[in-house]
Amino acid sequence: MSSSPPRLCPSDPSHDFWQGYITLDLSPLCLSAYDCMPQSIPDIIPDISDTVRTNYVGFASFVVLIWDHLDTFADEVEYVWKGKRKGFFIYLFLFNRYFTPLGFILNLYAYLSPVWTLERCAHFVRYEGCTVAIAVEVVGVMMLMRVHALYPNHKWITRGLGLILILETVMNVWLISRGEPVIHNPDSGIHACSMVFDPSISGAASASAWIPLLYDTIIFGLTLYRTVPPIRREEASYIIKRLLEDGLLYYSVIFAVTFALTFMIVAAPPGTKNIAAQMEQLITVAMMSRITLNLKKAGHRLNADSLAAPKSLLFDRRRRRQSSSANFWEHSGFNITMPPSDQRRSITFAHPLPSENPSPLDESTSTQSGERYNVLEPPPAFFLPSKVLDIA
């Protein structure tokens, strides 16, 4: 009985058993899973170090997301679940807020589980790439809706940003189709599964970072253009100040993460090329959730029955310092009275008399158009369009 030729074992990097059975030139073909990928097998120590760093960044980013969720959960219940208005913006918020942490749990399992083989991981990395892309694109749509609320009469701005967002989505889909698992050294004992873009297209793969960075930069510039002038003229409402504060917070954090990711995709070794992508996904969702709830809270405080308008933490600080300094000298609890020069032996402390003409709370003034408004609130002309309050 003659023996049959040995079958191909995809996990076996040795191909000596093909000698004598195949006479065709198979050099362009992949005879193993390792041959199908342009990555080289790393040394043992760098392989272990890169895997540990990936795990640290993944778990640390996940902890930040969960902490932010717990810290803002009371606001979510108060302003989202109990709120009467639940439009498309709120549904996007809830989707990202719960889909991202639940979906990322599988990524953490992939980092630690020993059951992964190269073939299984090659299928799983598509899921990992899709979760990152979905989270980032949903945030992009939410930011687009905020810009549309800021510029309701400038349709070309919304359309231009929409085209950039579509380009970003198409690029991410193509890059995910070229995604592959990170190769580990068999002698290192590492079985973690994580995705890396094809190293042969690292230059194009960096677009997954710099296109979202360009998109966020344009949105931040549009926010500055809309909010800074009325703030400098001290005519801005609390909503305008809140939008700028949140924009500064969001952009500063996202810029730092995405800027680092752009260079790491190009220059870092395969084991750490996408180490910041998981941070980008989780931090982006956390920051978007926080600024959304901040805007909801600002809208609630603005509509609440209160004698005093809410104050901005950042942009009303200078005014508070100036007013407190003036009040100290004008209405302090004591006066220093200097006696005549021939009697300067003592200093007399005395409480001031109450003001004879206190300012009434209902004092009002007129705008140039003749409309009257309360001095405790800015004129209605300086509030944002109603669409901002719709998403708030």
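Draft legend 1. Looking closely at the overall build of the chain. When its secondary structure is counted, the chain shows ten helices and six strands. Nonlocal contacts in the chain, meaning residues at least 24 apart in sequence, comprise 71% of its contacts between residues at least 6 apart. If you sum the accessible surface of the chain, you get close to 22500 Å²; carbon and sulfur atoms cover 63% of it.

Draft legend 2. Local environment of the nonpolar core. Within the largest apolar cluster, 36 residues are counted, with the highest numbers of intra-cluster contacts made by Met142, Met143, Val147, Leu161, Tyr215, Tyr250 and Met288. Put simply, the parts of the chain that give this core at least two residues each are α2 (88-112), α3 (118-150), α4 (155-177), α6 (207-232), α7 (238-267) and α8 (275-303). Per-element accounting of this core gives the leading share, eight residues, to α8. Residues in contact with Met288, not counting those within four places in the same chain, are Phe89, Val139, Met142, Met143, Arg146 and Tyr250. Ranked by size, the runner-up nonpolar core spans 16 residues in total, among them Trp116, Met195, Leu261 and Ile265.

Draft legend 3. Structural context of the state of the cysteines. Summed over all chains, the structure comprises one disulfide. Paired through a disulfide, Cys121 and Cys193 show a sulfur-sulfur distance of 2.0 Å. Residues Cys121 and Cys193 are joined through a disulfide that is right-handed, its torsion about the S-S bond being 95 degrees. Separated by 72 residues along the polypeptide, Cys121 in helix α3 and Cys193 in the loop between β1 (179-181) and β2 (195-197) bring together distant segments of the chain.

Draft legend 4. How the structure looks around α6. Relative to the 38 Å expected for 26 residues at 1.5 Å per residue, α6 spans 36 Å between its end C-alpha atoms, a close match to the ideal helical length. Along its length, α6 shows its largest kink, about 25 degrees, at Arg226, and proline Pro229 lies within four residues downstream of that point. Phi turns positive one or two residues past the end of α6, at Glu234, with a value near 55 degrees.

Draft legend 5. How the structure looks around unusual backbone geometry. Of note, the phi angle at Glu234 is positive, near 55 degrees, even though the residue is not glycine. For Glu234, the location among the structural elements is in the loop between α6 and α7. With relative accessibility at 58%, the residue Glu234 sits in the exposed group.

Draft legend 6. The packing of aromatic side chains, seen in detail. If you walk through the whole model with that rule in mind, you get nine aromatic pairs. Note on Trp116 and Phe124: the rings are 4.9 Å apart at their centroids and 45 degrees apart in plane angle, and the pair reads as tilted. Grouping residues by exposure puts Trp116 and Phe124 together as buried. Each ring, one from Phe124 and one from Tyr127, has its centre 5.4 Å from the other, and the planes form 40 degrees; the classification is tilted. With Phe124 and Tyr127 both in helix α3 and three residues apart, the pair spans about one turn of that helix. A connected cluster of aromatic rings, assembled from ring pairs, spans Phe220, Tyr251, Phe255, Phe259 and Phe263.

Draft legend 7. Looking closely at the pattern of salt bridges. Inspection of every chain in the model, using the stated rule, returns nine salt bridges. Of the charged contacts in the structure, one is a salt bridge between Glu245 and Arg242, with a shortest N-O distance of 3.2 Å. Residue Glu245 and its partner Arg242 are both found in helix α7; the two are separated by three residues, about one turn of the helix. You can call Arg242 buried: its relative accessible area is 18%.

Reading guide: rules and limits
- Residues numbered from 1 in each chain as written.
- Predicted model: local features only at pLDDT ≥ 70, side-chain atom pairs only at ≥ 80, totals over all residues.
- Heavy atoms only, no water.
- Helix = DSSP H or I, 4+ residues; strand = E, 2+ residues; numbered from the N terminus.
- Contact = heavy atoms within 4.5 Å.
- Areas by Shrake-Rupley, 256 points an atom, 1.4 Å probe, with all protein chains shown as cover.
- Core = buried A, V, L, I, M, F, W, Y, C linked by side-chain atoms within 4.5 Å.
- Buried < 20%, exposed > 50% of the residue type's maximum accessible area, 1.4 Å probe, protein only.
- Disulfide = S-S within 2.5 Å.
- Expected span 1.5 Å × (residues − 1).
- Bend = angle between axes of the 7 residues up to and from the residue.
- Phe/Tyr/Trp six-rings, centres within 6.5 Å; stacked < 30°, edge-to-face > 60°.
- Salt bridge = Lys/Arg side-chain N within 4 Å of Asp/Glu carboxyl O.

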